[in-house]
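In case you want the letters, here they are:
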Amino acid sequence: MDGTVAERLTSVRAAMARAAARFDSGPREAVLIAVSKGAEVEAIEAALEAGQREFGENRVQEAARKYPALKARYPDLRLHLIGPLQSNKAREAVALFDVIHTVDREKIAGALADEMRRAGKNLPVFVEVNIGGETQKAGIAPAGTAAFVKRCRDAHGLYVIGLMCIPPAGEAPGPYFAQTALLAREAGVENLSMGMSGDFATAIELGATHVRVGTAIFGERT
Ligand SMILES: *Cc1c(COP(=O)(O)O)cnc(C)c1O
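Given the structure is predicted, the values throughout are model-derived calculations rather than measurements.

> Please give an account of the overall build of the protein that cites residues and values.
Looking only at helices and strands, the protein features nine helices and eight strands. When the backbone C-alpha atoms are referred to their principal axes, the protein occupies close to 45 × 40 × 30 Å. Out of the 222 residues in the protein, the part that is buried amounts to 52%. Sequence-distant contacts in the protein: of pairs separated by 6 or more residues, those separated by 24 or more amount to 60%. Summed over its atoms, the accessible surface of the protein is roughly 10,400 Å², and 51% of this surface lies on carbon and sulfur atoms. The averaged location of the 27 negative side-chain charges in the protein is 4 Å from the averaged location of its 27 positive side-chain charges.

Here you go:
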């Protein structure tokens, strides 16, 4: 992939705008989350200098190594946890991240709620849906999504703002994005975290409000 981080950000943003213009219910702006797993701090700084403020990491440990110093320098930087969370990392996750995209089971909902209460925070969270029903993938089964969202809200007091999904690899993602959008309506949540480097334009056409883009901004991970 050619170009600097700043140039790649510009072309991702342009592609997002074209997709939004094709979206039936009127153009709206999706949040671009620059996924920096595997990227060095210098590359993240280049993105910050180009105006990017929303970042995603999928591991608490890696984020804890890279982000506290950057957050001190850029107070409006917002960090999204997009990878699986273990309950013994919930405290650290609540301290470091601003949005959690991967509430995928009761135990994590409870652990996050406890740690948020302790920290006096109520971070926005997404419920992760296993939209392809894949055995190896995390997430709530589609049929149980609305009930789980309700439990997160009523039993745990979590501030659930949307659903997150990762469609099965190697399949056309559109139907899975559309299905996730239907589930969100049924569950009464407004936001949809879906779409990565290969399919963010399709995701936006189908209603994504948050896209998680790594490779198209930071290049191939080694
Ligand atoms: C790595 C990752 C992404 C970004 O993937 P790219 O294909 O590099 O854009 C998005 N979402 C999740 C959950 C990821 O782990």
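> Account for the site of the ligand, with residues named and values stated.
Taken together, 13 residues surround the ligand, and among them Lys37, Ser197, Gly214, Thr215 and Arg221 come closest. A distance of 2.7 Å separates an oxygen atom of the ligand from a polar atom in the side chain of Lys37. At a separation of 2.8 Å, an oxygen atom of the ligand approaches a polar backbone atom of Gly214. In the complex, 88% of the free accessible area of the ligand, which totals 390 Å², lies under the protein chains.

> Any chance you could break down helix H7 (residues 174–187) for me, citing the residues and the numbers?
For H7, which comprises 14 residues, the first-to-last C-alpha distance of 20 Å matches the rise-based estimate of 20 Å (1.5 Å per residue) to within 8%. Along H7, the positions that sit buried rather than exposed are Gly174, Tyr176, Phe177, Thr180, Ala181, Leu183, Ala184 and Ala187. Contacts from the buried residues of H7 go to strand E5 (124–129), helix H6 (145–154), strand E6 (159–165), strand E7 (191–193) and helix H8 (200–205).

> Mind laying out the packing of aromatic side chains, listing which residues take part and the relevant values?
Under the criterion given, the structure shown has one aromatic pair. Ring geometry for Phe55 and Tyr67: centres 6.0 Å apart, planes at 50°, overall tilted. Taken together, the residues span a long stretch of sequence, with Phe55 in strand E2 (residues 54–57) and Tyr67 in helix H3 (residues 60–73) at a distance of twelve residues. Of the two residues examined, Phe55 and Tyr67, each falls in the buried class.

> How would you summarise the pairing of E6 if you had to cite specific residues and measurements?
Buried residues dominate E6, accounting for six of its seven residues. For the crossover from E5 across H6 to E6, the handedness is right-handed. For the crossover from E6 across H7 to E7, the handedness is right-handed.

> Talk me through the nonpolar core; I want residue IDs and the actual numbers.
One finds Phe55, Phe97, Ile100, Leu112, Leu158, Leu163 and Ile217 to be the most contacted residues of the largest nonpolar core, which totals 68 residues. Once you skip the residues sitting within four places of it in the chain, Leu163 turns out to touch Phe126, Val127, Val129, Thr145, Val149, Thr180, Leu183, Ala184, Val189, Asn191, Leu192 and Ser193.

> Give a detailed account of helix H2 (residues 41–49), specifying residues and quantitative values.
Among all positions in H2, only Ile44, Glu45, Ala47 and Leu48 are buried. Relative to the axis of H2, the buried residues are bounded by an arc of 160° and lie together on one face. Summarising the geometry of H2, the exposed residues directed more than 90 degrees from the buried face are Glu42 and Glu49. The elements touched by buried residues of H2 are helix H1 (5–22), E2, H3 and helix H9 (215–218).

> Explain the pattern of salt bridges to me, and be specific about the residues and the numbers.
Throughout the structure, instances matching the rule amount to 14 salt bridges. In this structure, Asp76 engages Arg53 in a salt bridge whose closest nitrogen and oxygen atoms are separated by 3.1 Å. Of this pair, Asp76 sits in the loop between H3 and strand E3 (78–81) while Arg53 sits in the loop between H2 and E2, and the two are 23 residues apart along the sequence. Residue class for Asp76 comes out partly exposed when judged on its relative accessible area of 46%. Residues participating in the shared-partner salt-bridge network are Glu57, Glu62 and Lys66.

Calculation notes
- Residues numbered from 1 in each chain as written.
- Predicted model: local features only at pLDDT ≥ 70, side-chain atom pairs only at ≥ 80, totals over all residues.
- Heavy atoms only, no water.
- Helix = DSSP H or I, 4+ residues; strand = E, 2+ residues; numbered from the N terminus.
- Buried < 20%, exposed > 50% of the residue type's maximum accessible area, 1.4 Å probe, protein only.
- Contact = heavy atoms within 4.5 Å.
- Areas by Shrake-Rupley, 256 points an atom, 1.4 Å probe, with all protein chains shown as cover.
- Lys, Arg positive; Asp, Glu negative; His and termini not counted.
- Charge placed at Lys NZ, Arg CZ, Asp CG, Glu CD.
- Near = heavy atom within 4 Å.
- Polar contact = N/O pair within 3.5 Å; in protein donor to acceptor, adjacent residues only side chain to side chain.
- Expected span 1.5 Å × (residues − 1).
- Phe/Tyr/Trp six-rings, centres within 6.5 Å; stacked < 30°, edge-to-face > 60°.
- Right-handed = clockwise from strand over helix to strand, strands pointing away.
- Core = buried A, V, L, I, M, F, W, Y, C linked by side-chain atoms within 4.5 Å.
- Arc of directions from axis to C-beta.
- Salt bridge = Lys/Arg side-chain N within 4 Å of Asp/Glu carboxyl O.

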